[in-house]
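Residue-level structural notes
Spelled out, the chains give:
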Amino acid sequence: MVATARIQTASEPDAAVPGMPLPVTLTQAVPVWARIATLSFGGPAGQIAVMHRVLVEEKRWISENRFLHALNFCTLLPGPEAQQLATYVGWLMHGIRGGLIAGGLFVLPGIVAIMALSWVYTLYGHVGFVAAIFFGLKAAVLAIVLQAVIRIGKRALKGPVMVGIAAAAFVGIFFLDMPFPMIVLTAGVIGYLGGRAGLPQFKAGGHGGGGKVVEGPFLFDDHELPRERAEVGHTLRMLLAWGAIWLVPVAAILLAFGTDDVFAQIVVFFSKMALVTFGGAYAVLSYVAQQAVEHYGWLKPGEMLDGLGMAETTPGPLIMVTQFVGFLAAYRSPGSIPPLLAGTLGGLLTTWVTFAPCFLWIFVGAPYVERLRGNRALVGALSAITAAVVGVILNLAVWFALHSVFTETRPFTVGPVGVDVPVPSSLNPWALTLAATAVLAVFRFKIGMVPTLSACAAAGVALNVAGLV
């Protein structure tokens, strides 16, 4: 029997509403979710805009308010909000199977593309042509991250209190090397207390979906009752099922390889990441860069930039860059396994422990989502965390700038404050020129992300052919 999305409102209408979209079966929904997945370039903002255009404007499957409410719920969760939003809407329409298909299809193109590019990178990354492409991408990535800082900052920094939280987060992670989870927890506690006290500084500044407001009717309107009620039995079943799907492979890896093996490090680190990475993909990347490069030594700063360039130019969540990190980590410490096979397994394990928790959060939390409406304490916590994330992403932009424009840095420490400073003689003038051009293209001429990345990659190849890089 094929599942069908249907309307179950508090008061059923006496007759069909003119213009009402027809019920949608799960089979009919699959190609729509596949289309959204293949169009999902441009990081979280672009992906959310694509979903808004297709689900709200074109198909009218879900109302504007329900879309924004689902989005705000997903921003409360750790992990990639765009993938979780797809899972939520799929669950709303067709239950668990709908959520699995929508969320799974959303990441599938990225899994395939990043895995293929990881193979190319490890086999041919030092070949002049391929290296030149990534040289150009690194320059453009800096402009994209700066754009994210400004875009999120405009939404989140609504007053001096939020600006102060963002500044404190930047100082904490850049100068004091504070762990990202501690920054998020501290900001969340401050926001929770401020929101609970009713302080106006901790009210949300709004969270748009990136599209125009659309009038109904919709298949799922503002008065739709939850598809599944919040019941203890359902919650326990989802916790046990998805907890096992997520953590049983982790336990098996730890038992089979021990805690010091690279596969064990991968599943433990990225499982921990799945619990603490509030604030979206760019905040996740800051945490991953801090740990994978500086703590574990799995890859170099420039390679982290290469991975981000891959994720920016392929469909799927930006957080798919973590698959590249897991691939390189296992490729370089394969043990008795052939390196490419080890890298493939490392990348797939990373993806598994990154996205399995996302389904857990949605399938457990979605039935309770209506209880979050108007909760001042939770809104305050989210507002403060989002402000802190601005500081964290600014740290990421500075970190990328240091390692893309300069080829060498050295530590500089004064008391408890330590920071990497560039070696002036290591400045790469062509990298600086490309980065400045990308910034000008994005901010002055409003050129899109994909054209900017493509142009910089082509410029890198041209510089290589000319023998300049």
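As the structure is a computational prediction, the values presented were derived from the model and not from experiment.

Digging into the overall build of the protein chain
- Within the protein chain one finds 16 helices and four strands.
- Across the protein chain, contacts joining residues at least 24 apart in sequence account for 77% of those joining residues at least 6 apart.
- Of the accessible surface of the protein chain, which amounts to about 19900 Å², a share of 67% is contributed by carbon and sulfur atoms.

Let's talk about the packing of aromatic side chains
- Tallied over the entire structure, the rule returns 16 aromatic pairs.
- Both rings, one in Trp242 and one in Phe359, keep their centres 5.4 Å apart while their planes meet at 20 degrees; by these two values the pair is stacked. Note that Trp242 is positioned in helix α8 (residues 232–257) and Phe359 in helix α13 (residues 339–365), a separation of 117 residues in sequence.
- Considering the side-chain rings of Trp242 and Phe363, the 5.6 Å spacing of their centres and the 55 degrees angle between planes classify their relative orientation as tilted. In this pair, Trp242 is assigned in helix α8 and Phe363 in helix α13, connecting sequence segments 121 residues apart. No difference in accessibility class separates Trp242 from Phe363, as the two residues are buried.
- An aromatic cluster of three or more residues is present, and its members are Phe269, Phe270, Tyr296 and Trp298.

A look at unusual backbone geometry
- Residues other than glycine seldom take positive phi values, yet Asp177 does so here, at roughly 60 degrees.
- Mapped onto the elements of the fold, Asp177 is located in the loop between α6 (160–174) and α7 (180–196).
- Backbone geometry at Lys446 places phi at a positive 55 degrees, although glycine is not the residue there.
- Here Lys446 is to be found in the loop between α15 (429–443) and α16 (449–465).

Structural notes on the environment of Ala82
- Looking at where Ala82 falls in the secondary structure, it is placed in helix α4 (residues 81–124).
- Exposure remark for Ala82: the relative accessible area of 3% places this residue in the buried category.
- C-alpha separation for the pair Ala82 and Leu318, spaced 236 residues apart in sequence, amounts to 9.6 Å.
- Once residues lying within four places of it in the same chain are set aside, the contact partners of Ala82 are Gln47, Ile48, Met51 and Phe106.

A closer look at the environment of Trp61
- Counting through the fold element by element, Trp61 comes out in the loop between α2 (43–58) and α3 (64–75).
- It is 8.4 Å that separates the C-alpha atoms of Trp61 and Met93, two residues lying 32 residues apart in sequence.
- Excluding residues within four positions of it along the chain, Trp61 makes contact with Val24, Ala29, Val32, Trp33, Leu55, Met93, Leu219 and Phe220.

Topic: the packing of helix α1 (residues 26–38) against α4
- For the pair α1 and α4, the least separation of the axes is 9 Å and the interaxial angle reads 40 degrees. With respect to each other, α1 and α4 are oriented oblique. Read as a crossing pair, α1 and α4 show a hand that is right-handed. Contacts from Leu26, Ala29, Val30, Trp33, Ala34, Ile36 and Ala37 of α1 reach α4 at Ala86, Val89, Gly90, His94, Arg97, Gly98, Ile101, Ala102, Leu105, Phe106 and Pro109.
- Residues that form the contact of α1 with α4 fall into these classes: 14 nonpolar, three polar and one charged.

Some words on the layout of surface pockets
- Put simply, the largest pocket is a space of about 730 Å³.
- As for the largest pocket, its lining consists of 30 residues, and the residues nearest its centre are Tyr121, Lys138, Gly302, Glu303 and Asp306.
- Listed by contribution, the elements that provide at least two residues to the lining of the largest pocket are α4, α5 (128–156), α11 (301–312), α12 (321–332), α14 (376–405) and α15.
- Per element, the largest residue contribution to the lining of the largest pocket is seven residues, and it comes from α5.
- Looking at the lining of the largest pocket residue by residue, the class counts come to 15 nonpolar, 10 polar and five charged.

Focus: the packing of α6 against α7
- Taken N-terminus to C-terminus, the directions of α6 and α7 make an angle of 160 degrees; their axes are 11 Å apart at the nearest point. Viewed along their axes, α6 and α7 adopt a mutual orientation that is roughly antiparallel. Where α6 crosses over α7, the two elements pack in a sense that is right-handed. Note on element contacts: α7 touches α6 through Ile183, Ala187 and Ile190, opposite Ile165, Ala169, Gly172 and Ile173.
- Here the contact of α6 with α7 is composed, by residue class, of six nonpolar, one polar and no charged.

Some words on the nonpolar core
- In this structure, Trp298, Met304 and Phe400 are the most contacted members of the largest nonpolar core, which totals 136 residues.
- Here the element with the most residues in this core is α4; it accounts for 15 residues.
- Ignoring anything within four residues of it in the chain, the contact list for Phe400 reads Val141, Leu142, Val145, Met304, Leu305 and Leu308.

Basis of the calculations
Residue indices begin from 1 for each chain and proceed along its sequence in written order. Reporting in this predicted model follows two pLDDT cut-offs: at least 70 for local features of residues, and 80 or more for side-chain atom pairs to be given and counted; totals over whole chains, interfaces and linings ignore these cut-offs and use all residues. Working from all heavy atoms in the structure, the side-chain values ignore hydrogens and water. For helices the rule is a DSSP run of H or I covering at least 4 residues; for strands it is a run of E covering at least 2, with both sets numbered from the N terminus onward. In this description, contact between two residues means that some pair of their heavy atoms is separated by no more than 4.5 Å. To be clear on the numbers: accessible area is Shrake-Rupley with a 1.4 Å probe, and residue cover counts the displayed protein chains and nothing else. Pairing of aromatic rings covers Phe, Tyr and Trp, the last counted by its six-membered ring, and requires centre-to-centre distances within 6.5 Å; plane angles under 30 degrees mean stacked, over 60 mean edge-to-face, and any other angle means tilted. Burial classification: accessible surface area is computed with a 1.4 Å probe over protein chains only, and a residue below 20% of its type maximum counts as buried, one above 50% as exposed, and the rest as partly exposed. Whenever a helix is involved, its axis is fitted only over the stretch in contact; in every case the axis is a line through C-alpha atoms, and angles between N-to-C directions fall within 0 to 180 degrees. For classification, angles of less than 35 degrees are called roughly parallel, those exceeding 145 degrees roughly antiparallel, those between 65 and 115 degrees roughly perpendicular, and all remaining angles oblique. In this scheme the handedness of a crossing depends on how the near helix is turned from the far one: anticlockwise by less than a right angle means left-handed, clockwise means right-handed. Note that Gly is not counted as nonpolar here; it falls among the polar residues with everything else outside the nonpolar set of Ala, Val, Leu, Ile, Met, Phe, Trp, Tyr, Cys and Pro and the charged set of Asp, Glu, Lys and Arg. With a 1 Å grid laid over protein atoms only, a set of points is called a cavity when a 1.4 Å probe fits there but cannot get out and a pocket when it is open yet has protein on both sides within 12 Å along at least five of seven lines; lining residues have an atom within 4 Å of a point. Grid points are joined across faces, edges and corners, and a volume is the space filled by probe spheres set on the points. The nonpolar core is taken to be a set of buried Ala, Val, Leu, Ile, Met, Phe, Trp, Tyr and Cys residues, with the residues joined through side-chain atoms within 4.5 Å.

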